[in-house]
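A look at the structure
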Amino acid sequence: MKAIRTKRIIVSVMTTAMASLALVSTAVLPSPPAVAAPSSGGQISLQGAVNVRDIGGYRTYDGATVKSGKAIRADALPKLTDGDVATLAGRNLKSVVDLRTPGEVQFMGADRLPAGVPLVARPIDDTGLFVQMMQIIQSKDPQRQQEVLGNGGAERIMSGVYASFLTDASRAAFGATVRELAATDGALLYHCTSGKDRTGFLTYVVLRAVGVPEQTARQDYLRSNEFRSAADAKLREQVKQAGYMQNPDLLIPLQEVRTEYLDTAVRKLEQDYGSFGKFLTDGLGIDGMTLVKLRKNLVG
């Protein structure tokens with residue numbers, strides 16, 4: 001029983017940094033000026049998931065408002081209670097898109113969903129980082145853990161995660177989800193493991209695509225730190241108590257979202273495509289008609 005419990009602890013921590021291609025060092029952009037946290041993007045309170053939010057309520061450049069009940073961003077859903085499932089059943093879900101890799105699903109479990117809600121597996125590949133990081137923590141070797149995660153190592157891992165969002169396979173998965181958001185009658189819920197990196201980037205893209213100011217979209221991305229803080233701190237304490245890490249704070253850069261992580265992806269999309277608009281059309285394959293449909297479906 002103890003072995004099962006400690007394995008679950010490790011899995012919970014390691015699934016905070018999925019979808020990475022490699023340990024890649026990437027320079028970062030200066031942080032933008034601080035702005036007030038947006039008043040919209042409200043949390044949906046569940047017991048089995050901590051980072052579930054309806055992205056409705058944000059204002060666009062032209063004064064319109066993103067509709068509630070259309071797009072829900074979330075972390076993984078295998079631990080939902082019966083009450084949580086009932087809550088989601090009242091949200092008119094038409095589909096759930098799971099961006100986790102098969103390895104993540106195997107370790108964490110499949111989503112618990114309301115009856116009749118289709119699940120779409122649309123994994124964004126981590127190319128082996130999940131297994132690698134599991135091995136590092138299971139080693140219980142503080143020197144090895146420091147070498148990999150310390151002195152900016154964890155931050156470089158996260159830069160690699162965000163750079164991987166521009167690979168062909170990742171762009172195909174993001175683009176397919178944007179097209180689904182444009183066409184869905186009802187609510188679409190999409191999620192990864194922690195609901196912060198793949199889900200956070202996708203939400204940033206969707207909000208900007210429908211005319212929400214960049215700074216507002218960025219603040220929605222950063223709010224994952226607010227919603228995940230207590231759960232992440234608890235996981236670090238559990239890892240330490242279980243004897244897997246002497247310094248679990250090495251995990252903090254993997255658990256958080258940061259401006260410089262998002263900047264890595266934004267800078268790369270601008271370098272590869274010239275502008276955010278060209279990224280939508282040429283990178284994600286979203287044509288003009290689909291963009292019109294997306295805004296009509298999500299903004300009112």
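The shown structure was predicted, so the numbers you read here are calculated from the model rather than taken from an experiment.

It is worth spelling out helix 2 (residues 82–89) at this point. Turning to helix 2, its buried residues are Asp84, Val85 and Leu88. The arc that holds the buried residues of helix 2, viewed along the axis, is 100 degrees, so those residues lie on one side. Set apart from the buried face of helix 2 by more than 90 degrees, the exposed residues are Asp82 and Ala86. In this structure, the buried side of helix 2 is in contact with strand 3 (93–98) and strand 5 (187–191).

On to the side chain of Thr184, then. Counting through the fold element by element, Thr184 comes out in the loop between helix 7 (168–183) and strand 5. A polar side-chain atom of Thr184 sits 2.6 Å from the main-chain carbonyl oxygen of Glu180. In contact with Thr184, not counting residues within four places along its chain, are Lys70, Lys94 and Asn297.

Following both chains from N to C, one finds helix 8 (residues 198–209) and helix 13 (residues 276–283) inclined at 110 degrees, their axes separated by 11 Å at the closest point. The angle between the axes of helix 8 and helix 13 places the two elements in the roughly perpendicular class. Judged by residue contacts, Phe201, Val205, Arg208 and Ala209 of helix 8 engage Phe276, Phe279 and Leu280 from helix 13. Per-class residue counts for the contact of helix 8 with helix 13 are six nonpolar, no polar and one charged.

Once that is clear, we can look at the packing of aromatic side chains. Enumeration according to the criterion identifies nine aromatic pairs in this entry. With a centroid separation of 5.6 Å and 90 degrees between ring planes, the pair formed by Phe165 and Phe174 is classed as edge-to-face. Relative accessible area serves as the criterion here: at 0%, Phe165 is assigned to the buried category. A residue is classified by how much of its surface remains accessible, and Phe174, at 2% relative accessible area, is buried. Counting every residue linked through ring pairs, the aromatic cluster contains Tyr162, Phe165, Phe174, Phe201, Tyr221, Tyr261, Tyr273, Phe276 and Phe279. When the ring centre of Tyr244 is taken as reference, the NZ or CZ atom of Lys140 above it lies at 4.8 Å.

The subject of this paragraph is the confidence of the model for the protein. One rule of thumb: low pLDDT means the predicted coordinates there are not for detailed reading. Averaged over every residue, the pLDDT of the protein is 88; residues scoring 70 or more account for 85%. pLDDT under 50 marks residues 15–39. Its contacts with residues more than four places away, or in other chains, come to 73 contacts.

Attention now moves to unusual backbone geometry. Unusually for a residue other than glycine, Asn92 sits at a positive phi of about 60 degrees. Following the sequence through the fold, Asn92 ends up in the loop between helix 2 and strand 3. Given a relative accessible area of 44%, Asn92 falls into the partly exposed group. We note that Asn151 has phi near 50 degrees; this positive angle belongs to a residue other than glycine. Given the relative accessible area of 71%, Asn151 is considered exposed.

Criteria and thresholds
Residues numbered from 1 in each chain as written. Predicted model: local features only at pLDDT ≥ 70, side-chain atom pairs only at ≥ 80, totals over all residues. Heavy atoms only, no water. Buried < 20%, exposed > 50% of the residue type's maximum accessible area, 1.4 Å probe, protein only. Helix = DSSP H or I, 4+ residues; strand = E, 2+ residues; numbered from the N terminus. Arc of directions from axis to C-beta. Contact = heavy atoms within 4.5 Å. Polar contact = N/O pair within 3.5 Å; in protein donor to acceptor, adjacent residues only side chain to side chain. Axes fitted to C-alpha atoms, helices over the stretch in contact; angles between N-to-C directions. Parallel < 35°, antiparallel > 145°, perpendicular 65-115°, else oblique. Nonpolar A, V, L, I, M, F, W, Y, C, P; charged D, E, K, R; others polar. Phe/Tyr/Trp six-rings, centres within 6.5 Å; stacked < 30°, edge-to-face > 60°. Lys NZ or Arg CZ within 6 Å of the ring centre and 35° of its normal. pLDDT = per-residue confidence, 0-100.

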